[in-house]
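# A look at the structure
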Amino acid sequence: MRNTADSDKEEDNMIFDEKLKLNNDAEIPRLALGTWFIDDDKAADAVRTAVKIGYRHIDTAQAYGNERGAGEGVRTASIPREKIFVTSKVAAENKSYDSAARSIDETLKKTGLEYMDMMIIHSPQPWKEVNQSENRYLPENREVWRAMEDAVEAGKVRTIGVSNFRKEDIESILAVCRIRPAVNQVLCHISNTPLALMEYCRSQEIAVEAYSPVAHGAALKDPKISELAAKYQVSIPQLCIRYDWQLGTVVLPKTANPEHMRSNADIDFTISDEDMETLTHLDKIKDYGNFGIFPVYGGRL
């Protein structure tokens, strides 16, 4: 049945209406449009199309270089701004109060939005040190967090969270924070599921967001994933997104292709408990192709 409160959706798909309540009582749509690798000059069209289809959560970042386009898409979408949950991320290189605070102001200026629904610390380490350094930047991330808390109190941001944070990184924030992290956005896909970290986050009432649910395309080459997708008569991306969905996460598939946007949301099926267990414990994907150079996939840019 179409949601009459939001009747301009192109798709009659209740997946778009699914939300999680965060620890600050805000509600976050569980299916988001990820925008990594969408060029700034294409981001506005991608966002407008996604919103027309039914997406109500847009995920961008300072590091993506497309905040301007994403913001334009939100501002010129077919529904009011307040119906769209917009997330951006403080660049991993910002490791001081002042640089983080400035970056949030720059995000608002670039997007042309009066507020962000969520800002996230993109990584506890600067990207150039991920997988190379044991320095977790605990004191520096506390300062970044303080800047984000102040942005909330100033009305610039409504919710704040983290990304790629380990347990020790989160514990350091929890020890001093005035506002608890609402989410931890992590790499989570079939064969690479950080179960212990996810359980810890939930024990702290921190929601888990799953980025790269299709392993930036690497899952398309896995024969076991392909076999199980065929069993359920769905595409491999649909199986991958449904897997993260059944783990209770917010899922962030990235695409600028309207047909992929539609099919990524067509996940109204259930993976059996047995198959979920199989998918969780598949041999870990180790070859991310050309994208394997990126720190999130174990590379060293």
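The coordinates are above.
Residues numbered from 1 in each chain as written. Predicted model: local features only at pLDDT ≥ 70, side-chain atom pairs only at ≥ 80, totals over all residues. Heavy atoms only, no water.

### Let's talk about the overall build of the chain
Here is the rule we go by: Counting from the N terminus, the helices are the DSSP runs of H or I reaching at least four residues and the strands are the DSSP runs of E reaching at least two. Both definitions apply: the radius of gyration is a C-alpha atom measure, and the globule rule equals 2.2 Å times residues to the power 0.38. Buried residues are those whose accessible area, probed at 1.4 Å on protein chains only, stays under 20% of the maximum for their type, while exposed residues exceed 50% and partly exposed ones sit between those limits. Here, two residues are considered to be in contact whenever any of their heavy atoms come within 4.5 Å of each other. His is not counted, nor are the chain ends; Lys and Arg add positive charge and Asp and Glu add negative charge. Where a charge lies is defined by one atom per residue type: Lys uses NZ, Arg uses CZ, Asp uses CG and Glu uses CD.
Secondary structure assignment for the chain yields 10 helices and 10 strands. Relative to its length of 301 residues, the chain is compact, with a C-alpha radius of gyration of 18 Å against a globular reference of 19 Å. Its C-alpha atoms give the chain principal-axis dimensions of about 50 × 45 × 35 Å. The buried share of the chain, taken over its 301 residues, is 56%. Residue pairs at least 24 apart in sequence account for 74% of intrachain contacts in the chain once pairs closer than 6 positions are excluded. The centroid of the 38 positive side-chain charges in the chain is displaced by 3 Å from the centroid of its 48 negative side-chain charges.

### Considerations on helix H1 (residues 40-53)
For the record, the criterion: Expected span, for any helix, means 1.5 Å times one less than how many residues it has.
Taking 1.5 Å per residue as the helical rise, H1 with its 14 residues ought to reach 20 Å, and the 20 Å between its terminal C-alpha atoms agrees with that figure. Within the span of H1, buried status applies to Ala-43, Ala-44, Ala-46, Val-47, Ala-50, Val-51 and Ile-53. Close packing links the buried residues of H1 with strand S3 (33-34), strand S4 (57-59), helix H2 (67-75) and helix H9 (258-264). Gly-54 sits one or two positions beyond H1 and adopts a positive phi of about 145°.

### Section: the environment of Leu-195
Along the polypeptide, Leu-195 turns up in helix H6 (residues 195-203). With relative accessibility at 41%, the residue Leu-195 sits in the partly exposed group. Leu-195 sits 181 residues away from Met-14 along the chain, and the two C-alpha atoms are 27 Å apart.

### Some words on the sheet that holds strand S5 (residues 85-90)
Rule in force here: In this analysis, strands are considered paired if DSSP registers two or more bridges between them.
In space, the 8 strands of this open sheet follow the order S3-S4-S5-S6-S7-S8-S9-S10, with parallel pairing throughout. Whereas interior strands pair on both sides, the edge strands pair on one side only; in this sheet they are S3 and strand S10 (250-252). Inspection of the sheet shows strand S7 (residues 157-163) paired to strand S8 (residues 183-187) by 2 bridges, in the parallel sense. Within S8, the residue paired with Val-162 across the bridge is Asn-184.

### Considering the pattern of salt bridges
For clarity, the threshold we go by: The salt bridge criterion pairs a side-chain nitrogen of Lys or Arg with a carboxyl oxygen of Asp or Glu, the two atoms within 4 Å.
On inspection of all chains with the given rule, the structure shows 19 salt bridges. Here Arg-48 ties to Glu-72 by a salt bridge, and the two come within 3.6 Å at their closest N and O atoms. On the criterion of sequence distance, the pair formed by Arg-48 in helix H1 and Glu-72 in helix H2 is long-range, its members being 24 residues apart. With relative accessibility at 26%, the residue Arg-48 sits in the partly exposed group. Close ionic contact of Arg-81 with Asp-117 constitutes a salt bridge, the shortest N to O distance being 2.8 Å. Of the two residues, Arg-81 sits in the loop between H2 and S5 while Asp-117 sits in strand S6 (residues 116-121), which places them 36 residues apart along the sequence. Summarising the burial analysis for this pair, Arg-81 and Asp-117 share the class buried. The structure contains a network of salt bridges with shared partners spanning Asp-40, Asp-45, Arg-48, Arg-68 and Glu-72.

### Considering the packing of aromatic side chains
Our working definition: Under the pairing criterion, centres of Phe, Tyr and Trp rings, with the six-membered ring standing for Trp, must be within 6.5 Å; the plane angle then separates stacked pairs below 30 degrees from edge-to-face pairs above 60, leaving the rest tilted.
Applying the stated criterion across every chain, the model contains 9 aromatic pairs. Seen from their ring centres, Tyr-232 and Phe-269 are 6.0 Å apart, and the 40° between their planes marks the pair as tilted. Remark: Phe-269 occurs in the loop between H9 and helix H10 (273-280) and Tyr-232 occurs in the loop between helix H7 (223-231) and helix H8 (236-246); sequence separation between them is 37 residues. Classification of Phe-269 as buried rests on a relative accessible area of 14%. Members of the aromatic cluster, each reached through a chain of ring pairs, are Trp-36, Phe-37, Tyr-288, Phe-291, Phe-294 and Tyr-297.

### What about the environment of Glu-72?
Residue class for Glu-72 comes out partly exposed when judged on its relative accessible area of 23%. Remark: the alpha-carbon pair of Glu-72 and Asp-45, spanning 27 residues in sequence, is separated by 8.8 Å.

### A word on the state of the cysteines
Note the following rule: For this text, the term disulfide refers to a pair of cysteine sulfurs within 2.5 Å.
Applying the stated rule across the entire model yields 0 disulfides. Free cysteine: Cys-188, not disulfide-bonded; nearest cysteine sulfur from Cys-240 at 11 Å. As a non-bridged cysteine, Cys-201 has Cys-188 as the owner of its nearest cysteine sulfur, 11 Å distant.

### Describing the pairing of S7
Put simply, the rule is: Here is how to tell: hold the view so the strands point away, follow the path from the first strand over the helix to the second, and if it runs clockwise the crossover is right-handed.
In terms of burial, S7 is largely enclosed, as 6 of its 7 residues are buried. Bridge analysis of S6 against S7 gives 5 bridges, and the strand direction is parallel. Bridged to Met-116 within S7 is Val-157. Following the backbone out of S6, through helix H4 (residues 138-153) and into the adjacent parallel S7, one traces a crossover that is right-handed. The β-α-β motif built from S7, the intervening helix H5 (residues 167-174) and the parallel element S8 has right-handed crossover chirality.

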